[in-house]
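Chain and residue survey
The primary structure of each chain is shown beneath.
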Protein chains: 2
Amino acid sequence: MKQTLLALLLTAALGSAVAAPKSPAKPAAAPLPKKTAQEILAASPASDWRALSPDNTLLMDLASGQVVIELAPRFAPAHVANIRALARGGYWDGLAILRVQDNFVTQWGDADGEDAAKARPLPAGASAQLPAEFSVPIDRIGREAGFAKLPDADGWAPRTGFAEGFPVAADPKTGKAWLAHCYGMVGAGRGDAVDSSNGTELYAVIGHAPRGLDLNITVVGRVIKGIELLSALPRGTAAMGFYDKPEQRTGIQRIRLLADVPAAERPALQVLRTDSATWAQLLDARRFRSGWFVHSAGRIDLCGASVPTRPAP
Amino acid sequence: MKQTLLALLLTAALGSAVAAPKSPAKPAAAPLPKKTAQEILAASPASDWRALSPDNTLLMDLASGQVVIELAPRFAPAHVANIRALARGGYWDGLAILRVQDNFVTQWGDADGEDAAKARPLPAGASAQLPAEFSVPIDRIGREAGFAKLPDADGWAPRTGFAEGFPVAADPKTGKAWLAHCYGMVGAGRGDAVDSSNGTELYAVIGHAPRGLDLNITVVGRVIKGIELLSALPRGTAAMGFYDKPEQRTGIQRIRLLADVPAAERPALQVLRTDSATWAQLLDARRFRSGWFVHSAGRIDLCGASVPTRPAP
C-alpha cells in the first residue's frame, strides 16, 4: 500500500495533537503540534480510563462476532431498565436484524412483533408500555455527569458536549438535554405514538448523523465496539432497507447484560473517560490539524469524534 | 415488519413536505404539512430533472453491481480531465478496492502504485502530476452553477449550498469555494505534498461527513448510484482499514467514462436539478418535519440531504 496514503489515513483518522487554545475562532493561535493522537493515548494515565458497567452494557453475539453496547440510564432510565429485563429474559436470542438502510440505520427485533399470534412474549419484568424519554432536564446533566460544553458551534443545538461517554446536546431555553444521533448511537424504534417504544426494537446509526431525529425518539445508548458488524451488513432492498426475505436477515445468537455474563467471558475493555484531560487533548488534536493537513478547521463536530476504547491493561 | 416502524422509516428517510418559510429560525411559522417528499417528487416537472453527462460520469463495474459517479469539472478541472484519460485507458480495469475503514472511506487504486517496478503504467494522455485543486474562486460558483445559499447555519463554513448537484461550502472572506466531504463524495488520495494526487487513487466517503478534510484534498465528484456497493464491504482489519491479504480485496472489473459506453449499455438515470423548485421543496420537507415527528429542527445539514436520482421516464 502507499505510504503516502497511510499518512493521509493516519492523520485523517486520528488528527495530530496540539496544546491549543479552546477557542476554535483562533486556529492561527494554536502552537505547533506536540503530540499525535496515538502519543496522547499512549501517555494517558490509567485514571483517565474506566471499566464497562455490568448493569449498563449489552453484549450482542452475532455469527460474525460480538457487538458491545453501552446503555445510558441517565438519559433513558425506563427504557434502560426494560432493556435489562429483556436481555435477562433472553428476549432477542434467536431473533434477527430486520433492516439495514444505507447511510441511516441497522435495526433488530421481532419480525412478528405486531402479530399478536406470533409475537414473542415479553419476559418477566419487561413492560410493553413505557414513557417517551426524548430528553431529560438539563440540570440532570452537568458536573455529576462530567458534562463540559464544547466551544464548537453546532447547528442543531445551542449547547453540546460529552457526558459519561455520550454525545449530548442541550438547550438552556427549553431546559432540555438529549443524546445526539451520532454514528453508532442506539435508539428505540417507535410508531406514531410518542410512547410506543419499549426497547424491543432497537436501531444503531450507521451513516451521517441523522440529527433531525433528535428529540423525536428515545436514544438508549451507543455501540462502543463492533459497530462494523452492523454497518457492513448487506443493505435490505425492500422499502426503508427491510429485507425482502427472512433468509436475508442476520440472526442474533443472543443479547446478554454484562452483569449476567460469567467473568471469564466478559470483554476486557476500557473506555476513555470523556471528563478526562486525555479526551480534551484528543479533541484539540482534531480541532487543530497539522502535519499532512494544510488547512486546520479549528473546530470539531459533536458527531465527528468517537470515544476511544482499549483492551484492559 | 411493523407498520409503526415503517412510519418511522418513511418519515425519517424522506421527511414530509410543507410550504415553509425559508428561515429556519421560524419553524413555528411553518404552515401545516401539505405534501410528502414522495408527493413532491411525483409532482416534479420533467424540467426539474437532468440526464447524466457523458463526459462527467464514471461507471464502476463490480461483481456486485455498478457504481455511478458524477464528476465535478467546475471544482477539479485538472483531476477530472486526468480521470477521464485514466478511464479511457482502462487504468482501473482489474485493479481493486484496497481499503474500507468503517465510518470513514472506501478507497481503490493500484496496490503496487508506489513500486516503480510493479506499478501499472499510466495510459496515454494521463499525467502523473497535477496541481492541487482544494478550492476554486468563489466567483466561479454562483448563478452559472445554480448555487443558492442555504439559510441553515453550518459550523464548517460561513456559506453553504448546492451547485450542479454537489454540496458546496464557501467563505467570502477568503474568496474560496469547495466541495464538502459529505457521504458519497469522491476524492483523490494524496501524500504529504499537496500536489501529490493525480486521480489514480480515489476514495468515497462512507460514514459521518469528515468535513475536517475539506480544503486539504481534491474532491472530484460524488457517487450518485450504488454507494451501498462500496459502503457495505467488509472492513479491512489492517491499519486504517487496509486489507491484510490481497485476496480480501474487492476486484474492480472496469471503470469506464459514460461517453465511451455504448448507448444500449448506459444507465437510464436522471438526477434532480439542485437549482429546481422541487429540490427546494424537498429541503423544506426536511427542515419542517411533521406527521411522525413531534419536534421539527427547522433546519437541515448540508450533508444530511442527498440529491435524488430516478430511472429516466
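Now for a quick tour of the structure. (Residues numbered from 1 in each chain as written. Chains lettered and ligands numbered in written order. Predicted model: local features only at pLDDT ≥ 70, side-chain atom pairs only at ≥ 80, totals over all residues. Heavy atoms only, no water.)

**Description of empty space enclosed by the protein**
Going by this rule: A cavity here means a set of 1 Å grid points, computed over protein atoms only, where a 1.4 Å probe fits but cannot escape. A pocket is an open set with protein on both sides within 12 Å along at least 5 of 7 lines, and lining residues have an atom within 4 Å of a point. Grid points are joined across faces, edges and corners, and a volume is the space filled by probe spheres set on the points. Any residue outside Ala, Val, Leu, Ile, Met, Phe, Trp, Tyr, Cys, Pro, Asp, Glu, Lys and Arg is labelled polar, Gly included; the first ten of those are nonpolar and the last four are charged.
Within the structure shown, the criterion is met by 4 cavities of 30 Å³ or more. In this model, the largest cavity occupies a volume close to 240 Å³. Every residue lining the largest cavity is counted, 26 residues in all, and those nearest its centre are Trp156 and Asp301 of chain A together with Asp154, Trp156 and Asp301 of chain B. Within the lining of the largest cavity, the residues separate by chemical class into 12 nonpolar, 5 polar and 9 charged.

**Regarding the pairing of strand 14 (residues 202-205) of chain B**
Residues and elements named next belong to chain B. What counts here: Relative accessibility under 20% of the residue-type maximum defines a buried residue, over 50% an exposed one, and the middle range a partly exposed one, all with a 1.4 Å probe and only protein chains included. Starting at the N terminus, helices and strands are each numbered in turn, a helix being any DSSP run of H or I of at least four residues and a strand any DSSP run of E of at least two. What makes two strands pair is DSSP finding at least two bridges between them.
Side chains Leu202 and Ala204 project from strand 14 onto one buried face, and the interleaved Tyr203 and Val205 project onto a second face that is buried too. Note that strand 7 (residues 105-109) and strand 14 share 4 bridges and pair antiparallel. Within the sheet, the bridge partner assigned to Val105 lies in strand 14 and is Val205. Where strand 13 (residues 185-188) lies against strand 14, 3 bridges are found, and the strand directions are antiparallel. Each bridged residue has a counterpart across the sheet, and for Val186 the counterpart in strand 14 is Ala204.

**Regarding the side chain of Arg211 of chain A**
The line we're drawing: By definition, residues are in contact when any of their heavy atoms lie within 4.5 Å.
Tracing the backbone through its elements, the reader meets Arg211 of chain A in the loop between strand 14 (202-205) and strand 15 (218-225). Not counting residues within four places of it along the chain, the set of residues in contact with Arg211 of chain A comprises Asp154, Trp156, Ala169, Ala180, His181, Leu302 and Cys303 of chain A.

**A few points about the state of the cysteines**
Residue and element names in this part refer to chain A. Applicable threshold: Cysteine sulfur atoms that come within 2.5 Å of each other are treated as a disulfide pair.
Applying the stated criterion across every chain yields a total of 2 disulfides over all chains. Covalently, Cys182 is tied to Cys303 through a disulfide, its sulfur atoms 1.9 Å apart. Judged by the sign of its S-S torsion, about -70°, the cystine formed by Cys182 and Cys303 is left-handed. With Cys182 in the loop between strand 12 (176-179) and strand 13 (185-188) and Cys303 in the loop between helix 5 (277-287) and strand 19 (309-311), the pair connects residues that are 121 residues apart, well separated along the chain.

**Quick notes on unusual backbone geometry**
In this structure, Met240 of chain A is a non-glycine residue whose phi angle is positive, near 65°. Overall, the relative accessible area of 15% leaves Met240 of chain A in the buried class.

**As for the sheet that holds strand 3 (residues 49-51) of chain B**
All names here are of chain B. For clarity, the threshold we go by: Angles run from 0 to 180 degrees between N-to-C directions of axes, and those axes are lines fitted to C-alpha atoms, restricted for helices to the stretch in contact.
If you walk across this open sheet you meet the 3 strands as 3-18-19, and the pairing is antiparallel. Pairing within the sheet leaves two strands with one partner each, and these edge strands are strand 3 and strand 19 (309-311). This sheet shows a mean twist of 35° between the axes of neighbouring strands, independent of strand direction. The pairing of strand 18 (residues 269-272) with strand 19 spans 3 bridges and is antiparallel.

**Quick look at the pattern of salt bridges**
Think of it this way: side chains of opposite charge can pair up when their charged atoms draw near. Residue and element names in this part refer to chain A. Operational definition: Put simply, a salt bridge is a Lys or Arg side-chain nitrogen that is within 4 Å of an Asp or Glu carboxyl oxygen.
Following the criterion strictly, the structure yields 26 salt bridges over all chains and no others. The shortest N-O distance in the salt bridge between Asp152 and Arg287 comes to 2.7 Å. Taken together, the positions of Asp152 in the loop between strand 9 (148-149) and strand 10 (159-163) and Arg287 in helix 5 put the pair 135 residues apart, joining distant regions of the chain. Given the relative accessible area of 5%, Asp152 is considered buried. A cluster of three or more residues bridged by salt bridges with shared partners is formed by Asp61, Arg254, Arg256 and Glu265.

The quantities given are spatial measurements derived from coordinates; they are silent on function.
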